[in-house]
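Examining the three-dimensional arrangement
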Amino acid sequence: FELRELAALVSMGCSSSGWKHPLTGAVLSPEQVNLYAIVYNHIGPCTAPQGVRLVGLGRASYKKGQLVEQVATRAAGVVKVDSEGPDIEVDVWRGCFSSEGRVCVDKVDRGVPLGVRVPKSLSYKEFLGNGERKPLWYCTHWWGEAVLDFIA
């Protein structure tokens, strides 16, 4: 059941959200989506439902809705609330922010965060379900394989 939902999620993510390749930034078709792309476009943001706090950036006046990007990780999001830096709260759209890489806000370099705080983080399984569920079986495969080929 969850695999059928995953196929629908991949199709919807590509058509309505413009899912991107985590390394190149190219827009993906459903047939091109692998697990790396799902983590970048969907799982990363979903498992930080309250966003992240980037600590120790350059002091500035940050406004709700400003675009926040980290070149090294290709993470992206928007400022959640107005603030007078050096810390900002970010609603994560893609990827995962890290303390290793420069951050730009509306294309202006604001430096490397001293830390990334996640006020609430979940496993993807916690995000999907209500409570514990014991698996009936477990399998794994190469993450670079197209997800639609894997679940077919």
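Use the structure listed above.
My aim in this report is to walk through the structure given alongside it, one point at a time. (Residues numbered from 1 in each chain as written. Predicted model: local features only at pLDDT ≥ 70, side-chain atom pairs only at ≥ 80, totals over all residues. Heavy atoms only, no water.)

Glancing now at unusual backbone geometry. Geometrically, the link from G85 to P86 is a cis peptide bond, its omega value of 20° lying close to zero. Relative to the elements of secondary structure, P86 occurs in the loop between β5 (83-84) and β6 (88-94). Phi at R74 is positive, roughly 60°, even though this residue is not glycine. With respect to the helices, strands and loops of the structure, R74 is situated in the loop between β3 (67-70) and β4 (75-79). Under the relative-accessibility criterion, R74 is labelled partly exposed at 33%. For K107, which is not a glycine, the phi torsion comes out positive at approximately 70°. (Helix = DSSP H or I, 4+ residues; strand = E, 2+ residues; numbered from the N terminus. Buried < 20%, exposed > 50% of the residue type's maximum accessible area, 1.4 Å probe, protein only.)

Mapped onto the secondary structure, V118 falls in the loop between β9 (115-117) and α3 (124-128). On the accessibility criterion, V118 (37% relative accessible area) is partly exposed. Sequence spacing of V118 and V90 is 28 residues, and the spatial spacing of their C-alpha atoms is 10.0 Å. Beyond its immediate stretch of four places on either side in the chain, V118 contacts A48, G51 and V52. (Contact = heavy atoms within 4.5 Å.)

Below, the discussion takes up the nonpolar core. L54, V68, I88 and F97 are the most contacted members of the largest nonpolar core, which totals 15 residues. Among the secondary structure elements, those contributing two or more residues to this core are β1 (52-55), β4, β6 and β7 (103-105). It is β6 that contributes the most residues to this core, 3 residues altogether. Once you skip the residues sitting within four places of it in the chain, I88 turns out to touch V52, R53, L54, L57, Y62, V68, V79, S83 and V105. Membership of the second largest hydrophobic core comes to 12 residues, among which are L6, L28, I38 and V147. (Core = buried A, V, L, I, M, F, W, Y, C linked by side-chain atoms within 4.5 Å.)

Here the focus is the environment of A48. Along the chain, the position of A48 falls in the loop between α2 (35-46) and β1. Using a relative accessible area of 9% as the deciding quantity, one classes A48 as buried. The spatial distance from the C-alpha of A48 to the C-alpha of C96 is 9.1 Å, given a sequence separation of 48 residues. For A48, the contacting residues outside a window of four places in its chain are V118 and K120.

Every second residue of β3 is oriented toward a common face, the buried set being V68 and Q70 and the non-buried set L67 and E69. As judged from the 4 bridges shared by β3 and β4, these two strands associate in the antiparallel manner. Paired with L67 across the bridge in β4 is V78. Where β3 hands over to β4, the hairpin turn is made up of 4 residues, of which R74 adopts a positive phi near 60°. As defined by bridge partners, β3 adjoins β7 across 3 bridges and the pair is classed as antiparallel. Looking at β7, one finds that Q70 is bridged to V103. (Pairing = 2+ DSSP bridges.)

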